[in-house]
Amino acid sequence: MTAPEDWVSARRAVHAAGWRAQLAPVTVPLAEADGLTLATALAPRSDLPAFPTSSVDGWALRGRGPWRVTGRVLAGSVPAPLSGDGVAVEIATGAMVPEGTEAILRVEHSTRSGDLVDGTPKSEQEWRVPGEEARAGEPLLPAGTPVTPAVIGLAASCGHDTLPVRPAPRAAMLVFGDELLTAGPPADGRIRDALGPSIPAYLRRLGVACEPAAAPIKDTLDAHVAAVRSALESGVDLVCTTGGTMHGPVDHLHPALAELGASYVVNTVAVRPGFPMLVAAVPHGGRTRFVAGLPGNPQSAVVALVSLVVPLLAGLAGRPEPALPRVTLGEPVPGRGDYTHLALVRIDPVDGLARPVSHVGSAMLRGLAGARGFAVIPPGATGRAGDAVELVEVP
Ligand SMILES: Nc1nc2c(c(=O)[nH]1)N[C@H]1C(S)=C(S)[C@@H](COP(=O)(O)OP(=O)(O)OC[C@H]3O[C@@H](n4cnc5c(N)ncnc54)[C@H](O)[C@@H]3O)O[C@H]1N2
Ligand code: MOO
């Protein structure tokens with residue numbers, strides 16, 4: 001058996017492998033870009049704003065008052081210049097400021113009698129100058145930025161109709177284990193498949209297109225090889241499997257990977273729970289695809305998902321390695337010797353501190369269902385109340 005890899009370097013290794021196999025960019029309409037990743041830097045097509053733009057409803061003025069009203073400029077049109085001193089045009093918020101404007105007087109600060117308007121404009125400028133927010137061509141967001149509704153809005157205001165993005169990775173889910181039931185209560189030595197319905201749901205939250213798992217794959221080497229091969233042939237970038245990562249009598253994942261010509265990116269990680277996790281690269285159809293082997297114990301499978309699959313997906317999408325937020329522990333959390341301990345915690349809504357949850361055995365999902373994420377206790381360390389530690393969030 002191979003020596004388990006340090007958790008931090010395992011995450012770095014899978015991210016780097018994903019990065020080398022980045023998905024080819026595609027161009028999509030803005031409305032279809034949410035959740036994808038910018039493939040190039042986002043830059044405005046014009047200055048922002050593109051023209052001097054009034055910030056208020058009021059009067060554009062030239063010279064000294066009172067001013068004679070000569071017209072009106074609404075948003076969406078190009079106004080004539082203010083032609084002489086002592087003139088005003090009525091102006092709407094968002095309208096282009098006429099050339100020659102020296103001040104804008106807010107409507108609520110003005111008095112009007114007949115065709116004359118008077119008042120004292122504020123000393124600060126009441127319009128936005130071209131390029132105040134950004135210059136044409138100025139990089140605003142780098143390639144690798146996740147597209148959010150805010151990014152879509154910014155791209156639209158920059159004048160883009162489409163965006164070059166890395167597409168959503170596609171995944172297939174395979175569940176191994178003859179003991180698994182897909183309906184009804186556990187009994188007679190058989191248990192419910194908890195991962196076939198949940199792992200694809202996590203993957204979808206991570207922006208991955210993934211169908212729910214079909215029936216569990218039979219516990220034979222031939223069935224494992226055939227299932228992984230047919231998933232790869234369906235064109236997915238990633239095959240997630242659960243179970244069979246150890247070396248028991250019906251654990252066939254490692255021999256199946258050997259038969260498929262896969263090479264390990266990471267094979268077992270020094271983390272508790274979940275250490276038998278792995279990611280392997282499989283050359284298929286002229287490019288690298290990946291198999292993520294998640295352990296069969298359900299909480300361990302989720303640990304493997306957040307430990308390895310999340311950074312792999314970031315790499316495939318051309319995103320940086322995920323940075324982990326920090327939380328402050330409200331209670332001690334033991335370390336796990338030479339291994340990293342991923343300890344399920346909830347965030348106390350009253351004091352904001354991270355506190356361990358109960359029912360956290362690797363075969364259990366009860367603790368996970370009420371937790372925000374896993375507090376990271378590094379090898380050799382112990383978490384004390386008051387310590388700031390990294391948090392791996394549950395998607
Ligand atoms: N001799 C040793 N045995 C085991 C060790 C070890 O160090 N030495 N490690 C244990 C640990 S830790 C884990 S984790 C598991 C990993 O095992 P596999 O990935 O090979 O998974 P299986 O043996 O197939 O299943 C383990 C366990 O999980 C249940 N399971 C599997 N799939 C599902 C599912 N979809 N939904 C719910 N539960 C599932 C399965 O019934 C087993 O109880 O190995 C330990 N053994
Ligand atoms: O490490 Mo196993 O993955 O504890 O359940």
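Residues numbered from 1 in each chain as written. Chains lettered and ligands numbered in written order. Predicted model: local features only at pLDDT ≥ 70, side-chain atom pairs only at ≥ 80, totals over all residues. Heavy atoms only, no water.

### A few points about the nonpolar core
Nonpolar side chains in soluble globular proteins tend to be buried together.
Then, in step 1: Residues L203, L238, F290, V309 and F374 are the most contacted members of the largest nonpolar core, which totals 48 residues.
Then, in step 2: Broken down by element, the residue count for this core peaks at 11 residues, all from helix α6 (residues 298–316).
Then, in step 3: With sequence-adjacent residues up to four places away left out, V309 is seen in contact with L203, L238, C240, A292, L294 and A304. (Core = buried A, V, L, I, M, F, W, Y, C linked by side-chain atoms within 4.5 Å. Buried < 20%, exposed > 50% of the residue type's maximum accessible area, 1.4 Å probe, protein only. Helix = DSSP H or I, 4+ residues; strand = E, 2+ residues; numbered from the N terminus. Contact = heavy atoms within 4.5 Å.)

### Some details on the packing of aromatic side chains
Then, in step 1: Following the criterion strictly, the structure yields 0 aromatic pairs and no others.
Then, in step 2: For the cation-ring pair, R272 lies above Y339, with the distance from its terminal atom to the ring centre recorded as 4.6 Å. (Phe/Tyr/Trp six-rings, centres within 6.5 Å; stacked < 30°, edge-to-face > 60°. Lys NZ or Arg CZ within 6 Å of the ring centre and 35° of its normal.)

### Focus on the site of ligand 1
Then, in step 1: Taken together, the neighbourhood of ligand 1 is formed by 19 residues, with E179, D193, A194, T245 and G296 sitting nearest.
Then, in step 2: Contact distances for ligand 1 include 2.9 Å between an oxygen atom and a backbone N or O atom of G296.
Then, in step 3: A distance of 3.2 Å separates an oxygen atom of ligand 1 from a polar atom in the backbone of N297.
Then, in step 4: Protein contact buries 66% of the 870 Å² of open area that ligand 1 shows by itself.
Then, in step 5: Counting residues per element, the ones that place at least two in the shell around ligand 1 are β14 (191–192) and α6.
Then, in step 6: Considered class by class, the residues forming the shell around ligand 1 number 9 nonpolar, 6 polar and 4 charged. (Near = heavy atom within 4 Å. Polar contact = N/O pair within 3.5 Å; in protein donor to acceptor, adjacent residues only side chain to side chain. Areas by Shrake-Rupley, 256 points an atom, 1.4 Å probe, with all protein chains shown as cover. Nonpolar A, V, L, I, M, F, W, Y, C, P; charged D, E, K, R; others polar.)

### Points about the sheet that holds strand β17 (residues 263–267)
Then, in step 1: Spatially, the 6 strands line up as an open sheet ordered β15-β12-β16-β20-β19-β17, and their pairing is mixed. Each edge of the open sheet carries a strand with a single partner, namely β15 (209–210) and β17.
Then, in step 2: Docked against the sheet, helix α3 (residues 195–205) engages β12 (170–175), β15, β16 (238–242) and β20 (287–294), running at close to 165° with respect to β12. (Pairing = 2+ DSSP bridges. Axes fitted to C-alpha atoms, helices over the stretch in contact; angles between N-to-C directions.)

### A short note on the sheet that holds strand β8 (residues 110–113)
Then, in step 1: Spatial strand order, β7-β4-β6-β5-β9-β8: 6 strands in an open sheet with mixed pairing. In the strand order of this sheet, the two ends are held by β7 (103–106) and β8, each with one partner. On average, adjacent strands in this sheet sit at an angle of 40° to one another, irrespective of strand direction.
Then, in step 2: The pairing of strand β5 (residues 67–73) with strand β6 (residues 87–91) spans 5 bridges and is classified as parallel. The residue of β6 that forms the bridge with V69 is A88.

### Examining the site of ligand 2
Then, in step 1: Taken together, the residues surrounding ligand 2 are P273, G274, F275, P276, N297, S300 and S362.
Then, in step 2: Note that an oxygen atom of ligand 2 is positioned 2.6 Å from one of the backbone N or O atoms of G274.
Then, in step 3: S300 has a polar side-chain atom sitting 2.5 Å from an oxygen atom of ligand 2.

### Observations regarding the pattern of salt bridges
Then, in step 1: In this structure the tally under the stated criterion is 12 salt bridges.
Then, in step 2: For E331, the salt bridge identified is with R355, shortest N-O distance 3.5 Å. Of this pair, E331 sits in the loop between β21 (326–328) and β22 (340–347) while R355 sits in strand β23 (residues 354–356), and the two are 24 residues apart along the sequence.
Then, in step 3: Taking relative accessible area as the criterion, E331 reaches 34% and is therefore assigned partly exposed.
Then, in step 4: Relative accessible area serves as the criterion here: at 14%, R355 is assigned to the buried category.
Then, in step 5: In this structure, R355 and D348 form a salt bridge, with 3.1 Å as the shortest nitrogen-oxygen distance. Residues R355 and D348 agree in their burial class; the two are buried. (Salt bridge = Lys/Arg side-chain N within 4 Å of Asp/Glu carboxyl O.)

### Some words on the UniProt feature "domain: MoaB/Mog" (unreviewed entry) in the protein
Then, in step 1: Those places that UniProt annotates as "domain: MoaB/Mog" (unreviewed entry) correspond, in this numbering, to residues 172–315.
Then, in step 2: Helix and strand shares over residues 172–315 are 34% and 26% respectively, and the end C-alpha atoms of the span are 18 Å apart. (UniProt positions renumbered as here; feature names shortened; annotations may be inferred.)

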